[in-house]
Amino acid sequence: MKYDFDTPINRRNTYAMKWDGGEMIKEFGLTERYDEDTIPLFTADMDFQVAEPIVEALRRTVDHQIFGYTIAPDAYYGSIQKWFSDKYDWQIEKQEIIYAPGTVHSLNVAVKAYSEKGDGVIIQRPVYPPFTSAIENNDRVVKNNAMIRGEDGRYSIDFEGFEALAKEEDTSMFIMCNPHNPTGNIIRPDELGRLAEICRENDVIIIADEIHGDLIRIGESFTPIIKTTVHTDHIVTLTAINKTFNLAGLHCTNVVIPDEALRTKFQEEQGMSLPSPFTVAALIAAYNEGDEWLRQVREYIDGNIDFVIDFLTREMPKVKVRRPAGTYVLWMDFSGYGISEREVHDRIYNEANVLLEDGRMFGPEGNDYQRICVPSPRSVLEEAMNRIKKAFSDLH
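Residues numbered from 1 in each chain as written. Predicted model: local features only at pLDDT ≥ 70, side-chain atom pairs only at ≥ 80, totals over all residues. Heavy atoms only, no water.

## Brief notes about the pattern of salt bridges
- A complete count under the given rule lists 34 salt bridges for this structure.
- In this structure, aspartate 291 and lysine 87 form a salt bridge, with 2.7 Å as the shortest nitrogen-oxygen distance. Taken as a pair, aspartate 291 in helix H11 (residues 291-315) and lysine 87 in helix H4 (residues 74-88) lie far apart in primary sequence, 204 residues in all.
- Using a relative accessible area of 36% as the deciding quantity, one classes lysine 87 as partly exposed.
- For arginine 217, the salt bridge goes to aspartate 302, with nearest N and O atoms at 2.6 Å. Taken together, the residues span a long stretch of sequence, with arginine 217 in the loop between strand S8 (205-209) and strand S9 (235-240) and aspartate 302 in helix H11 at a distance of 85 residues. Just as arginine 217 is buried, aspartate 302 falls in that class too.
- Through salt bridges that share partners, Arg11, Lys18, Asp45 and Asp47 make up one connected network. (Salt bridge = Lys/Arg side-chain N within 4 Å of Asp/Glu carboxyl O. Helix = DSSP H or I, 4+ residues; strand = E, 2+ residues; numbered from the N terminus. Buried < 20%, exposed > 50% of the residue type's maximum accessible area, 1.4 Å probe, protein only.)

Printed below as a string of structure tokens:
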């Protein structure tokens, strides 16, 4: 079937954090202004209806009218195995899969399971803020291997700096984000293999957040890090349906851990965690029947990304942005205006009344940047970009 991503869907009064969480969002410090006229493009979920097979599976679950304790059946694991085998030639054994109620939850479990208080954990800023909080809130130490931004806007890895950090005696973990949030960079297979080897040689456990792996540009390719090395006993991979199929509210992350000892540590730290019947039904339907919806939504997101980049090129050329290879976020550099970060924020968030995410939240390397999430109807993006353009009109 042909899906309609152009027609705006009113999400207000549906408990959506993005559209109904104004007071919480202000208390969190994202913005000072949030009202009925705010256009929120800050959080990584989609303003699109999900695939019809998922809706039908959820309807069948509701019709059963009993929502008790739920297990993941063989069909659940089989759906995951088939998806990753078909897409990435990755053969996952059933016993390697652990259900977890979220990726941020899984990061915190992993930090506590695989490191001690005071240990160093490598991350690569600018990066998704919960990476930092998972480390610092659990009394570990951030070791930042900052991404290198080239003149063309593409980010790359400082391997010399990475290896130096990995060799430090107190370094126990590396939390990797691929595709990278917020830069949209996809790490090449040869680079992944090099990272895996450095970590293996220095007894550093890799936590690979690969939840954006299905959301890449048409024509790009993504390779799980576990496919780039024969040594997999130090790799923990986080996969999820939440980004791919717009199901974040169902809290479904699947952690793949080939090594039995690491798997046992994760399970012991997490404790018992059961999915809801809606989660089980949605995952099976998504991985078995969601391919066509995903193909269409990727095409639409690619169009949205191109629309925003074209708009900035024509109307706001002082804003520098590079087409991301993966994710559905754009990382926009406003330094060309020569004004303070505070003034950039005020013009976008308070004057234009568009809610993005300040780059500083992703680390000091994000100063002067803004992150925008683009999986919304094109008309919503157009209105947001025109508002932002107007707010900067005196500086063009």
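## Quick notes on unusual backbone geometry
- Of the consecutive residues arginine 125 and proline 126, the connecting peptide bond is found in the cis state with omega at 5 degrees.
- Inspection of the secondary structure assignment puts proline 126 in the loop between strand S3 (120-123) and helix H6 (129-136).
- The residue after asparagine 178, namely proline 179, is reached through a cis peptide bond having omega -5 degrees.
- With respect to the secondary-structure elements, proline 179 resides in the loop between strand S7 (171-177) and helix H8 (189-201).
- The phi dihedral of asparagine 13 falls on the positive side, at around 65 degrees, and the residue is not glycine.
- Relative to the assigned elements, asparagine 13 resides in the segment before helix H1 (17-20).

## Overview of empty space enclosed by the protein
- Taken as a whole and judged by the stated rule, the model has two cavities of 30 Å³ or more.
- Each pocket or cavity is described by its volume, and for the largest cavity that value is around 110 Å³.
- Around the largest cavity, the lining comprises 14 residues; the ones closest to its centre are Gly153, Tyr155, Thr183, Arg322 and Trp331.
- Across the lining of the largest cavity, the residue classes tally to five nonpolar, four polar and five charged.
- Taken as a whole, the second largest cavity spans an internal volume of roughly 80 Å³.
- The wall of the second largest cavity is formed by Phe84, Tyr88, Trp90, Glu210, Ile211, Gly213, Asp214, Phe222, Pro224, Thr239, Ala240 and Thr244.
- Those elements that place two or more of their residues in the lining of the second largest cavity are H4 and S9.
- The class makeup of the residues in the lining of the second largest cavity is seven nonpolar, three polar and two charged. (1 Å grid on protein atoms, 1.4 Å probe; cavity = no way out; pocket = protein on both sides within 12 Å on 5 of 7 lines; lining within 4 Å. Points joined across faces, edges and corners; volume = space filled by probe spheres on them. Nonpolar A, V, L, I, M, F, W, Y, C, P; charged D, E, K, R; others polar.)

## Digging into helix H7 (residues 159-167)
- Inspection of H7 places Phe159, Gly161, Phe162, Leu165 and Ala166 among the buried residues, and these make up the whole buried set. Buried residues of H7, viewed axially, fall in a sector of 160 degrees; they line one side. Exposed residues lying more than 90 degrees from the buried face of H7 are Glu160 and Lys167.
- Capping of H7 at its N-terminal end is provided by aspartate 158; its side-chain oxygen lies 3.4 Å from the backbone amide nitrogen of glutamate 160. (Arc of directions from axis to C-beta. Polar contact = N/O pair within 3.5 Å; in protein donor to acceptor, adjacent residues only side chain to side chain.)

## Brief notes about the packing of aromatic side chains
- Per the counting criterion, the structure on display carries 23 aromatic pairs.
- Of the aromatic side chains, those joined through ring pairs into one cluster are Tyr3, Phe5, Phe48, Trp83, Phe84, Tyr88, Trp90, Phe222, Phe245, Tyr287, Trp293 and Tyr300.
- Just above the ring of phenylalanine 159 sits the side chain of arginine 194; from NZ or CZ to the centre is 4.1 Å.
- Over the face of the ring belonging to tyrosine 300 we find arginine 378, whose NZ or CZ atom lies 4.6 Å from the ring centre. (Phe/Tyr/Trp six-rings, centres within 6.5 Å; stacked < 30°, edge-to-face > 60°. Lys NZ or Arg CZ within 6 Å of the ring centre and 35° of its normal.)

## A look at the sheet that holds strand S10 (residues 253-256)
- One open sheet holds the seven strands; their spatial order is S2-S10-S9-S8-S7-S3-S4, and the pairing between them is mixed. Strands at the two margins of the open sheet, each flanked by one partner only, are strand S2 (97-100) and strand S4 (141-144). Neighbour-to-neighbour, the strand axes of this sheet turn through a mean angle of 25 degrees, independent of strand direction. (Pairing = 2+ DSSP bridges. Axes fitted to C-alpha atoms, helices over the stretch in contact; angles between N-to-C directions.)

The values are spatial; any link to function lies outside them.
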